[in-house]
Amino acid sequence: AAATRSALQTAGTATPEPYASTRFQKYIPSDKELPERVTYQAAFDLSNESAAKDAQQLQMFRDTGRLGGIQVLFAVRAGARNISVGISYYNNSEEPRKLLRGSGDPAATSALGRFSVPGLGDEYIAQRFQLGAGEAATWVINIVWVRGPFFVSLADLGGSPDTPTEIAVQLARLIDDKLKADPTP
């Protein structure tokens, strides 16, 4: 991550697991790499202790081989939209694929709302959908992918039904290129 950024904001415990967020900062694009009008906002610890809602979920993380992660927030056009990226790292490549399949079938590229991001990850699902209804509705551009032992989820929130996917795709590619180049946190 860029040296000019503020210190990592942690929500974790005093004794994080060995793969705490600081090890994942290198996967955050630097300010100069970000697409135009996109700014870094914050990063949060997604170590197992920080991400788990309770002891049962913490045990599930450990049982599946999850070793930790990070969540990063970006603003688009001074907060007109927000992008959240979660990166989780596992000690195996099978669990990330299972998580991906929980979002749908990666091979169903013509499913409602799907769009293409050729070459992203080992497998991916890219889709656009609406959350909520009426005045509470928000549009989401969602891209989830696996790259070896990594599971990455990107959600571009606050656009309209015709918001271009370009910024989300550019950000996904930047992160995926960093995962490819340095696959060991």
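Residues numbered from 1 in each chain as written. Predicted model: local features only at pLDDT ≥ 70, side-chain atom pairs only at ≥ 80, totals over all residues. Heavy atoms only, no water.

*Asks:* I tried to follow the overall build of the chain on my own but got confused; where do I start?
*Replies:* The helix and strand inventory of the chain stands at four helices and six strands. Here the chain holds 185 residues, and the buried ones make up 46% of them. Long-range pairs, those at least 24 residues apart, make up 61% of the contacts in the chain with a sequence separation of at least 6. Counting every atom, the chain has about 9100 Å² of accessible surface; 52% of that belongs to carbon and sulfur. (Helix = DSSP H or I, 4+ residues; strand = E, 2+ residues; numbered from the N terminus. Buried < 20%, exposed > 50% of the residue type's maximum accessible area, 1.4 Å probe, protein only. Contact = heavy atoms within 4.5 Å. Areas by Shrake-Rupley, 256 points an atom, 1.4 Å probe, with all protein chains shown as cover.)

*Asks:* I would appreciate a short explanation of the side chain of aspartate 156 in the present structure.
*Replies:* Here aspartate 156 is to be found in strand 6 (residues 150–159). One polar contact links aspartate 156 to arginine 81, side chain to side chain, over a distance of 2.9 Å. Apart from residues lying up to four places away in sequence, aspartate 156 is in contact with Arg81, Asn82, Ile83, Trp139, Val140, Ile141 and Ala168. (Polar contact = N/O pair within 3.5 Å; in protein donor to acceptor, adjacent residues only side chain to side chain.)

*Asks:* Honestly, unusual backbone geometry in this entry has me stumped. Any pointers?
*Replies:* Positioned with a positive phi, arginine 37 is a non-glycine residue whose angle comes to about 70°. In this structure, arginine 37 sits in the segment before strand 1 (38–45).

*Asks:* Would you explain helix 3 (residues 94–101) in this entry?
*Replies:* Helical periodicity: at 3.6 residues per turn, an α-helix aligns residues three or four positions apart in one direction. Those residues of helix 3 that sit buried are Glu95, Pro96 and Leu100. Taken end-on, helix 3 shows its buried residues confined to a sector of 145°, consistent with a single buried face. (Arc of directions from axis to C-beta.)

*Asks:* Sorry if this is basic, but what is going on with the side chain of threonine 163 here?
*Replies:* Structurally, threonine 163 is set in the loop between strand 6 and helix 4 (166–181). The class for threonine 163 is buried, based on a relative accessible area of 9%. A polar contact of 2.6 Å, which involves the side chain of threonine 163, links it to the backbone nitrogen of serine 160. Once residues lying within four places of it in the same chain are set aside, the contact partners of threonine 163 are Arg81, Arg128 and Ile141.

*Asks:* Is there a simple way to explain the packing of aromatic side chains in this structure?
*Replies:* For any two aromatic rings, the description comes down to two numbers: the centre-to-centre distance and the angle of the planes. Summed over the entire model, instances satisfying the criterion amount to five aromatic pairs. Ring centres 4.9 Å apart and planes at 40° place the aromatic pair tyrosine 89 and phenylalanine 150 in the tilted group. One end of the pair, tyrosine 89, is in strand 3 (residues 81–90); the other, phenylalanine 150, is in strand 6, with 61 residues separating them in the sequence. Like phenylalanine 150, tyrosine 89 is buried. Three or more aromatic residues joined by ring pairs form one cluster here, namely Phe24, Tyr27, Tyr89 and Phe150. For arginine 66, the ring lying beneath its charged end belongs to phenylalanine 61, and the centroid distance is 4.8 Å. (Phe/Tyr/Trp six-rings, centres within 6.5 Å; stacked < 30°, edge-to-face > 60°. Lys NZ or Arg CZ within 6 Å of the ring centre and 35° of its normal.)

*Asks:* I would appreciate a short explanation of the environment of phenylalanine 61 in the present structure.
*Replies:* Topologically, phenylalanine 61 is positioned in helix 2 (residues 55–64). Distance in space between the C-alpha atoms of phenylalanine 61 and asparagine 48 is 6.5 Å, their sequence separation being 13 residues. Those residues in contact with phenylalanine 61, other than ones at most four positions away along the chain, are Asn48, Ala51, Ala52 and Arg66.

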